[in-house]
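As a plain string of letters, each chain reads:
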Amino acid sequence: MFQDNPLLAQLKQQIEASKEYVEGFVKASEKAFGFLECDKKSYFIPPMEMKKVMHGDLVKAVVKREGDKEQVEIDTLLEPMLNRFIAQVHLNKEGKLQLSVDHPSIKQHIPANTHKKVTEKLENGDWVVAQLKTHPLRDDRFFFAQVTQFICKENDNFAPWWVTLARHEQPCEPVANEKSYELHDELEREDLTHLYFTTIDSPSTQDMDDALFIEPIKENNAQIGWCLAVAIADPTAYIPEDSEIEKAACQRCFTNYLPGFNIPMLPRELSDDLCSLVPNEKRPALVAFIETDLEGNLTKEAKFTLAWVESKEKLAYDDVSDYLEGSVNAWQPTSEKTKQQIDWLHQFTQARIKWRANNALLFKEQGDYAFELNEDGSVKDIHIEYRRISNQMIEESMIIANISCAQFLSKYAKTGIFNTHSGFVPKNYELVKSFLLQTLATDENRNELEERYSAERLATLDGYCQMQRDIQDFPEKFLELRLRRYLNFAEFKSDVAPHFGLGISHYATWTSPIRKYGDMVNHRLIKQVLLNQEITAIDESVLIRLQEARRQNRLVERDIADWLYARYLFPMVAQAVEFECEIADVSRGGLRAKIIQNGAQIFVPFSTLHNNKDEMEYRQEELAIYIKGEKAYQIGQSVRVKLTEVRLETRSIVGQII
């Protein structure tokens, strides 16, 4: 009798209209209550309401006020925190399956069952993939999940690898091998096996995709420049575009290099054998002949050709560097021809380094951290590896080869997989200018710098490079680190565009087709130009997948490293080991300090920095913390940190500044 009552309907509308709704993310606390984090405000969520939600849920809620107190009543689930997730098995006292979500802020166990495809008998601690099936805000009474994939046992020493790869939905096995491979050539290959190509790589490397040959260019018996021949392995000669290997490579996009091993983009029979430029074996290759003057300037357009090559010797980075640096008892080249190639390539590299210093941008030497593992996957040691002269020789050769490729594709194919970087995010130009002027300007140079750091100038490649050269010798590291926060991400594009990070107008990689799918695509385009064929347009989906795969691989590498760092440092907590660190990040929660000797990051809580939080101030624009009005901590600063806690279950490392 009341359902059609217009007065009652009107009353309901008035009540609904009077409600104040907010949207935000649920933030769980260590206790039963939580908070709803909205754009500019936090609201208290009482314990009974928290039973309806999970940390990270995006929800719509009604604000309730009682006096000066505010809290919310959860109304609608907009987006759940969990969908597909990683968990560990927890069997309760009755033996019923529950899941412990692998997330530091989700404490509750979720009841679950197993999908029929999961045949393993699950035990406490097993790692699994699960799918959330029910949620209290979806008209269900409780949370419930289903195990869809078994990952590994709790005591599997390689759990960090298998769990992380499963989390990011990355393959853990190589691509399946074909029964046989045939060479598919539409253009006759030039025989370049007489040229003295060599490779320089790590001794353990199997997938060698580049070999170099160099000789002087002479005129009237005087050297006027260099001719560098860059031979690159040619896997596309064996891989039809409609093959399963091509489809797998397009999905993987990159060889995934992890601590201890790699997961190749191509079958190992191709990457490590048939295509690899191993010494004393005739191999198909795509070769570029690149000419420069003695100052390192390109003097003519690169010539690309399909060829047969034969590497004469596999050289090791450290051996070549020891020889060039004149180390005591250093390795010596095994032949005069090898010695000549090393010496010439070294001279060419010195010229190209000077060219890039004056015309582009040089990489700042940071060093790479390498995990040394025992056979069982435990960390034996972590050490930093710096680029030595032999690494720079290969690096400079690959850079000029990729510049040449981009120029070639831009001119003849009008498309390609171009590596681009647009510098600063446009909305940040004024912030960048203000920050630079605040840091670098004096009364004498302010007018000059106002023009130099204008948005119009910073938006150009020349202007960006000039700015980077201005700050490269600045004594305080925070300037460079602060400016990074204003930068755009690098992108793959099908139209040529500058790469501001390199300081180069054209850049397209083709030198690692065994390891990068974009390089395979560029190989096919170069071949189409050489054959005068119609150029295949780059599908936008390929660019999107390359971007996503690169992001995923970086996350995989980071997550595995975090796990291994936690395992490595855990035994050191009892000894309260101290480390020399550099502040890598500053936030309202505290500091993140990078250990110089091994690269691990230690979190230092805000509350431990000073005994009176009212005297502390976080300044986001400076990425600094002030105490009593004085700058105490800033990004880039050197500090000494004592290790106080390592939580293996969350892979978190905590310390205290000495």
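As the structure is a prediction and not an experimental result, all values here were calculated from the model.

When helices and strands are counted, the protein chain shows 15 helices and 30 strands. Taking the principal axes of the C-alpha coordinates as reference, the protein chain spans close to 105 × 70 × 65 Å. Relative to all contacts within the protein chain whose residues are 6 or more apart in sequence, the contacts with residues 24 or more apart total 66%. Surface accessibility of the protein chain: about 33700 Å² in total, with carbon and sulfur atoms responsible for 47%. Computed over 79 positive and 103 negative side-chain charges, the separation of the two mean positions in the protein chain equals 5 Å.

On to the sheet that holds strand β8 (residues 109–114), then. Within the closed barrel, the 5 strands sit side by side as β6-β7-β8-β10-β9. Their pairing is mixed. Strand-to-strand twist of the sheet, defined as the mean angle between neighbouring strand axes without regard to direction, takes the value 55°. Summarising the sheet, β8 and strand β10 (residues 144–152) pair through 3 bridges and their orientation is parallel. Its bridge partner lying in β10, A112 is registered against A145. The sheet strands contacting helix α3 (residues 159–167) are β6 (84–91), β9 (127–134) and β10, and the helix crosses β10 at an angle near 135°.

A word on the sheet that holds strand β27 (residues 624–627). Spatially, 3 strands are ordered β26-β27-β28 in an open sheet, and the strand pairing comes out antiparallel. The outermost strands of the open sheet, each flanked by one partner alone, are β26 (616–619) and β28 (630–634). With direction set aside, neighbouring strand axes in the sheet form an average angle of 30°. Bridge analysis of β27 against β28 gives 4 bridges, and the strand direction is antiparallel. Its bridge partner being in β28, A624 is matched across the sheet by Q634.

As enumerated under the stated definition, the model contains 18 aromatic pairs in all. With a centroid separation of 5.9 Å and an interplanar angle of 85°, the aromatic rings of F33 and F35 are classed as edge-to-face. For F33, a relative accessible area of 26% corresponds to the partly exposed category. What makes F35 partly exposed here is its relative accessible area of 29%. Seen in terms of ring centroids, F304 and F408 are 4.7 Å apart; in terms of plane orientation they differ by 50°. Their pairing is tilted. Residue F304 is found in strand β18 (residues 303–316), and its partner F408 is found in helix α8 (residues 389–413); the two are separated by 104 residues along the sequence. Side by side, F304 and F408 carry an identical accessibility label, which is buried.

Here the UniProt feature "domain: Cold-shock" (unreviewed entry) sits at residues 23–78. Here residues 23–78 is 7% helix and 59% strand, with 9 Å between the C-alpha atoms at its ends.

On the UniProt side, "domain: RNB" (unreviewed entry) is annotated at positions that read residues 189–532 here. Segment residues 189–532 splits into 38% helix and 23% strand. End C-alpha atoms: 16 Å apart.

Of note, the phi angle at N280 is positive, near 65°, even though the residue is not glycine. Relative to the helices and strands, N280 resides in the loop between α5 (268–274) and β17 (282–293). You will see that L623, though not glycine, has its phi angle at about 50°, which is positive. The exposure class of L623 is buried, given its relative accessible area of 4%.

For the rest of this paragraph, the subject is the nonpolar core. Counting residues in hydrophobic clusters, the biggest one holds 79 residues, and the most contacted among them are F197, V230, V287, V309, W510 and Y517. Looking at which element gives the most residues to this core, the answer is α8, with 11 residues. Those residues in contact with Y517 that sit more than four places away from it in its chain are E246, A249, C250, C253, M265, V542 and L546.

Each pair of packed helices gets described by two things: the angle between the helix axes and the distance between those axes. In the contact formed by helix α7 (residues 336–359) and α8, the axes pass within 9 Å of each other and the chain directions differ by 65°. For α7 against α8, the interelement crossing comes out left-handed. Residues I342, L345, H346, F348, T349, Q350, R352, I353 and R356 of α7 form the contact with α8, whose own contacting residues are I389, Q392, M393, E395, E396, S397, I399, I400 and I403. Here the residues of the contact of α7 with α8 are counted per class, giving 9 nonpolar, 5 polar and 4 charged.

Attention now moves to the pairing of β27. Neither face of β27 is exposed, since A624 and Y626 on one face and I625 and I627 on the opposite face are all buried. Pairing of β26 with β27, which is carried by 4 bridges, proceeds in the antiparallel orientation. Bridge pairing links E617 to Y626 in β27. Here β26 folds back onto β27, and the loop between the two strands holds 4 residues, one of which, L623, carries a positive phi near 50°. A loop of 2 residues connects β27 with β28, the two strands running antiparallel in sequence, and K628 in this loop sits at a positive phi of about 55°.

Note on placement: Q223 falls in strand β14 (residues 222–233). Each C-alpha atom of the pair Q223 and D293 lies 9.0 Å from the other, and the pair is 70 residues apart in sequence. Q223 has contacts with P216, I217, K218 and L294, leaving out every residue within four places of it along the chain. A distance of 3.1 Å separates the side chain of Q223 from the backbone oxygen of G225, its partner in a polar contact.

With that settled, consider the domain arrangement of the protein chain. One can read the domain layout of the protein chain as domain 1 (19–79), domain 2 (84–155), domain 3 (190–408), domain 4 (422–488) and domain 5 (576–657). Each of domain 1 and domain 3 was reduced to a C-alpha centroid, and the two centroids are 56 Å apart.

Our focus in this paragraph is the pattern of salt bridges. Note that side chains of opposite charge can pair when their charged atoms are close. Counted under the stated rule, the structure contains 44 salt bridges. Linking K247 and E244 is a salt bridge whose minimum nitrogen-to-oxygen distance equals 3.4 Å. Of the two residues, K247 and E244 are both situated in helix α4 (residues 244–252); the distance of 3 residues between them amounts to about one turn of the helix. Residue class for E244 comes out exposed when judged on its relative accessible area of 54%. When salt bridges that share partners are traced, they join E20, K41, R65 and E70 into one network.

A word on the side chain of T205. Within the secondary structure, T205 is located in the loop between β12 (197–201) and β13 (210–219). T205 has contacts with K314 and R515, leaving out every residue within four places of it along the chain.

Moving on to the state of the cysteines. Taken as a whole and judged by the stated rule, the model has 0 disulfides. The closest cysteine sulfur to the non-disulfide-bonded C152 is located on C172, 10 Å from its own sulfur. Take C152: its relative accessible area is 3%, and that puts it in the buried class.

Cut-offs and rules
Residues numbered from 1 in each chain as written. Predicted model: local features only at pLDDT ≥ 70, side-chain atom pairs only at ≥ 80, totals over all residues. Heavy atoms only, no water. Helix = DSSP H or I, 4+ residues; strand = E, 2+ residues; numbered from the N terminus. Contact = heavy atoms within 4.5 Å. Areas by Shrake-Rupley, 256 points an atom, 1.4 Å probe, with all protein chains shown as cover. Lys, Arg positive; Asp, Glu negative; His and termini not counted. Charge placed at Lys NZ, Arg CZ, Asp CG, Glu CD. Pairing = 2+ DSSP bridges. Axes fitted to C-alpha atoms, helices over the stretch in contact; angles between N-to-C directions. Phe/Tyr/Trp six-rings, centres within 6.5 Å; stacked < 30°, edge-to-face > 60°. Buried < 20%, exposed > 50% of the residue type's maximum accessible area, 1.4 Å probe, protein only. UniProt positions renumbered as here; feature names shortened; annotations may be inferred. Core = buried A, V, L, I, M, F, W, Y, C linked by side-chain atoms within 4.5 Å. Left-handed = near helix turned anticlockwise from the far one by under 90°. Nonpolar A, V, L, I, M, F, W, Y, C, P; charged D, E, K, R; others polar. Polar contact = N/O pair within 3.5 Å; in protein donor to acceptor, adjacent residues only side chain to side chain. Domains from an automatic or database assignment. Salt bridge = Lys/Arg side-chain N within 4 Å of Asp/Glu carboxyl O. Disulfide = S-S within 2.5 Å.

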